[in-house]
Number of protein chains: 2
Amino acid sequence: MSGFETLSEQACFGGVQGFYRHDSVVCGGPMRFAVYQPPQAVQGRRPVLYYLAGLTCTEETATIKAGAQRLAAQYGMVLVMPDTSPRDTGIDGATGDWEFGEGAGFYVDATQAPYAARFRMYSYVVEELPALVARHFPVDPTHSSVFGHSMGGHGALTIALRHPDRYRSVSAFAPIVAPSQVPWGLKALPRYLGEDRAAWADYDACELVARQTFPGTILIDQGEADKFLEGQLKPELFDQACAEAGQALLLRRHPGYDHSYWFISTFVEDHMRHHAQALGLA
Amino acid sequence: MSGFETLSEQACFGGVQGFYRHDSVVCGGPMRFAVYQPPQAVQGRRPVLYYLAGLTCTEETATIKAGAQRLAAQYGMVLVMPDTSPRDTGIDGATGDWEFGEGAGFYVDATQAPYAARFRMYSYVVEELPALVARHFPVDPTHSSVFGHSMGGHGALTIALRHPDRYRSVSAFAPIVAPSQVPWGLKALPRYLGEDRAAWADYDACELVARQTFPGTILIDQGEADKFLEGQLKPELFDQACAEAGQALLLRRHPGYDHSYWFISTFVEDHMRHHAQALGLA
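All figures in this text were calculated on a predicted structure; none of them were measured in a lab.

**Details of the overall build of chain A**
Logical step 1: Along chain A, the regular secondary structure elements total 10 helices and 9 strands.
Logical step 2: Over its C-alpha trace chain A gives a radius of gyration of 17 Å, about what one expects of a compact globule, namely 19 Å for 282 residues.
Logical step 3: Judged by the C-alpha coordinates and their principal axes, chain A covers about 50 × 40 × 35 Å.
Logical step 4: For chain A, the share of sequence-separated contacts (at least 6 apart) that also reach a separation of at least 24 residues comes to 72%.
Logical step 5: When the accessible area of chain A is evaluated, it comes to approximately 10,000 Å², of which 48% is carbon and sulfur surface.
Logical step 6: Here chain A contributes 22 positively and 31 negatively charged side chains, and the mean placements of these two sets differ by 4 Å.

Okay, here's the thing in structure tokens:
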């Protein structure tokens, strides 16, 4: 059923960096993802941290650019980095626009034709991928955490807020926190979910935190030289929503940093420590 | 004369990661390179470490994949990462072969037509680039070191052995140490330098170390799962040449590691410490 295939495995920080492909039932086609297994994984199951990437990215982006393996090896944590959408869907309108469709799955389960058949990244990341990972890798699914960048920060926040029982911690770099209110979301959500804004609320961190807080502090880093800060990211909206909901939030603003992986690599150590502490590793 | 241009500058580990282009006199055309300036550079000139990349690589490869900026920021060291050859040379035979020509400059000054007009990476890396860097960046040229990978490890070793007065330390990941004896060298050196093997000796670390040792220990890391180990790299030849010459060498062999940047990123911290110590930073 899973059609699981190892594309490559290479030694890295005493562990193994691998790339894999499988046939996704949820997304109706092949999906790729990356897994880093720390050296401690040869002795038994380890806590697992999921990283969700942003618009235009793939399973390779953070794997190559974030520099998280060093810290995963130090803490003894498995890292899982999925692609950001199904690929080669052949669906009209699903390619050619970096803000929608392939490379821009927005971690939602699409309900609208023609996207509903393939664009189901929410269920993929929350259900199918963790089950697959638990079958093929030495992870302890009872110790899972999630983080992400930009669209993937939106994914991490929404998934953790909807499943506070499944994730021990959540953090984000420059996340989209209010997709119902910003151009990226206003473009993608109607096409994936329809015009009824009530359906969007399940995928909007600002709306979700008002319903259900997350135990423990949410960590968010934001660069102040990020060109998407004012138009698309608006962390002040989540800051306010958390304050109103009583959600503990550590929102750090960093002068001079932009939206890139130079920013992420600079602060990834703090995020890894945040998750290691919640996962009982630090 | 230098036609110096900033392509991008981005905040990274408290410093600045930049990409630059200039008109190279030595290589007869535009050249690109990357520079990382650590946070300490705003206070004054800092030691500088050159990284020379391998076949097929550009100024972006190690910059994105090696993870050296974190350590350069920690030690207060400027990193300079040039491209591996001139580009868009229009020279017949200089493209289409990953082992020769563009992307494969081998850090030699070609003497043979038609390559001699453009392929002069030795003088570029030893003379022109350091002078340019000293004009445009806060570096202390009296504190310079060099390292590299594969073809770039060959470059680092040969350049340091020929200029022990200019470089405080040298190290390499999986270097080509005896190009006169292996297929990569036997293909490239005659085309760049002619058939007279005497001319090749100036670019062969095993030959050079017999003439002139380097003060201090040379550090080399080599993965034992490197597919080029037996056919192209042959570190045992350099081990023997160093032993015969009285050259201090720390050659470490790592089971399971291949030729990739997963290998480099794993051990880059040790190399950065090696150079930081020689540069008076650790």
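**A word on the pattern of salt bridges**
Logical step 1: A full pass over the atoms with the stated rule returns 24 salt bridges over all chains.
Logical step 2: A salt bridge links A:R166 to A:E127; the nearest nitrogen and oxygen atoms lie 3.1 Å apart. One end of the pair, A:R166, is in the loop between helix 4 (151-162) and strand 7 (170-173); the other, A:E127, is in helix 3 (residues 121-136), with 39 residues separating them in the sequence.
Logical step 3: Its relative accessible area of 30% is what places A:R166 among the partly exposed residues.
Logical step 4: The partner of B:D270 in a salt bridge is B:R273, and the shortest N-O contact between them spans 3.3 Å. Remark: B:R273 and B:D270 occur in helix 10 (residues 261-278); sequence separation between them is 3 residues, near one turn of the helix.

**Comments concerning the interface of chain B and chain A**
The accessible area lost on association of the parts is a frequent measure of interface size.
Logical step 1: Taken together, the contact between chain B and chain A spans 21 residues of the former and 21 residues of the latter.
Logical step 2: Where chain B meets chain A, there are 0 salt bridges.
Logical step 3: Here chain B is connected to chain A by 10 residue pairs in polar contact (both at pLDDT 80 or more).
Logical step 4: Counting only elements with at least two residues in the side of chain B that touches chain A, the list comes to strand 1 (5-12), strand 2 (15-24), helix 1 (61-65), helix 2 (69-75) and helix 10 of chain B.
Logical step 5: With 5 residues, helix 10 of chain B is the largest single contributor of residues to the side of chain B that touches chain A.
Logical step 6: For the side of chain B that touches chain A, the class distribution of residues is 8 nonpolar, 9 polar and 4 charged.

**Digging into the sheet that holds strand 8 (residues 218-223) of chain B**
Logical step 1: Reading across from one edge, 1-2-3-5-4-6-7-8-9 (chain B) is the order of the 9 strands in this open sheet, with mixed pairing throughout. Looking at which strands have only one partner, the edges of the open sheet turn out to be strand 1 and strand 9 (249-254) of chain B. Across the sheet, the mean angle from the axis of one strand to that of its neighbour is 20°, orientation sign disregarded.
Logical step 2: Sheet topology places strand 4 (residues 46-52) of chain B next to strand 5 (residues 78-82) of chain B; 3 bridges connect them, and they run parallel. Each bridged residue has a counterpart across the sheet, and for B:Y50 the counterpart in strand 5 of chain B is B:V80.
Logical step 3: The sheet strands contacting helix 10 (residues 261-278) of chain A are strand 1 and strand 2 of chain B, and the helix crosses strand 1 of chain B at an angle near 30°.

**Section: the layout of surface pockets**
All names here are of chain A.
Logical step 1: Here the second largest pocket is characterised by a volume of approximately 160 Å³.
Logical step 2: What lines the second largest pocket is simply R21, P30, M31, R32, T58, E59, D83, S85, P86, R87 and D88.
Logical step 3: Of the residues belonging to the lining of the second largest pocket, the class tally is 3 nonpolar, 2 polar and 6 charged.

**Describing the UniProt feature "active site" (unreviewed entry) in chain A**
Residue and element names in this part refer to chain A.
Logical step 1: Taken from the UniProt record, the annotation "active site" (unreviewed entry) applies to S150, D226 and H259. Across 110 residues, the annotated set stays spatially compact, with a maximum C-alpha separation of 10.8 Å.
Logical step 2: In this fold, S150 is placed in the loop between strand 6 (139-149) and helix 4.
Logical step 3: Mapped onto the fold, H259 is located in the loop between strand 9 (249-254) and helix 10.

**Focus: the relation of the copies chain B and chain A**
Logical step 1: After a rotation of 180° and a shift along the axis of 0.0 Å, chain B superposes on chain A with an RMSD of 0.0 Å. The transformation relating the two chain copies, once decomposed into turn and shift, fits a two-fold axis.
Logical step 2: In this assembly the copies share their binding face: 100% of the residues contributing to the interface of chain B also contribute to that of chain A.

**Thoughts on helix 10 of chain B**
Residue and element names in this part refer to chain B.
Logical step 1: With 18 residues, helix 10 should cover 26 Å at 1.5 Å per step; its first-to-last C-alpha distance of 24 Å lies within 8% of that length.
Logical step 2: The largest bend in helix 10 comes to about 50°, at F267.
Logical step 3: The N-cap residue of helix 10 is S260: its side-chain oxygen and the backbone nitrogen of W262 are 3.1 Å apart.
Logical step 4: Downstream of helix 10 by one or two residues, G280 has phi in the positive range, about 75°.

Rules used throughout
- Residues numbered from 1 in each chain as written.
- Chains lettered and ligands numbered in written order.
- Predicted model: local features only at pLDDT ≥ 70, side-chain atom pairs only at ≥ 80, totals over all residues.
- Heavy atoms only, no water.
- Helix = DSSP H or I, 4+ residues; strand = E, 2+ residues; numbered from the N terminus.
- Rg over C-alpha atoms; globule rule 2.2 N^0.38 Å.
- Contact = heavy atoms within 4.5 Å.
- Areas by Shrake-Rupley, 256 points an atom, 1.4 Å probe, with all protein chains shown as cover.
- Lys, Arg positive; Asp, Glu negative; His and termini not counted.
- Charge placed at Lys NZ, Arg CZ, Asp CG, Glu CD.
- Salt bridge = Lys/Arg side-chain N within 4 Å of Asp/Glu carboxyl O.
- Buried < 20%, exposed > 50% of the residue type's maximum accessible area, 1.4 Å probe, protein only.
- Polar contact = N/O pair within 3.5 Å; in protein donor to acceptor, adjacent residues only side chain to side chain.
- Nonpolar A, V, L, I, M, F, W, Y, C, P; charged D, E, K, R; others polar.
- Pairing = 2+ DSSP bridges.
- Axes fitted to C-alpha atoms, helices over the stretch in contact; angles between N-to-C directions.
- 1 Å grid on protein atoms, 1.4 Å probe; cavity = no way out; pocket = protein on both sides within 12 Å on 5 of 7 lines; lining within 4 Å.
- Points joined across faces, edges and corners; volume = space filled by probe spheres on them.
- UniProt positions renumbered as here; feature names shortened; annotations may be inferred.
- Least-squares fit on C-alpha atoms with pLDDT ≥ 70 in both.
- Expected span 1.5 Å × (residues − 1).
- Bend = angle between axes of the 7 residues up to and from the residue.

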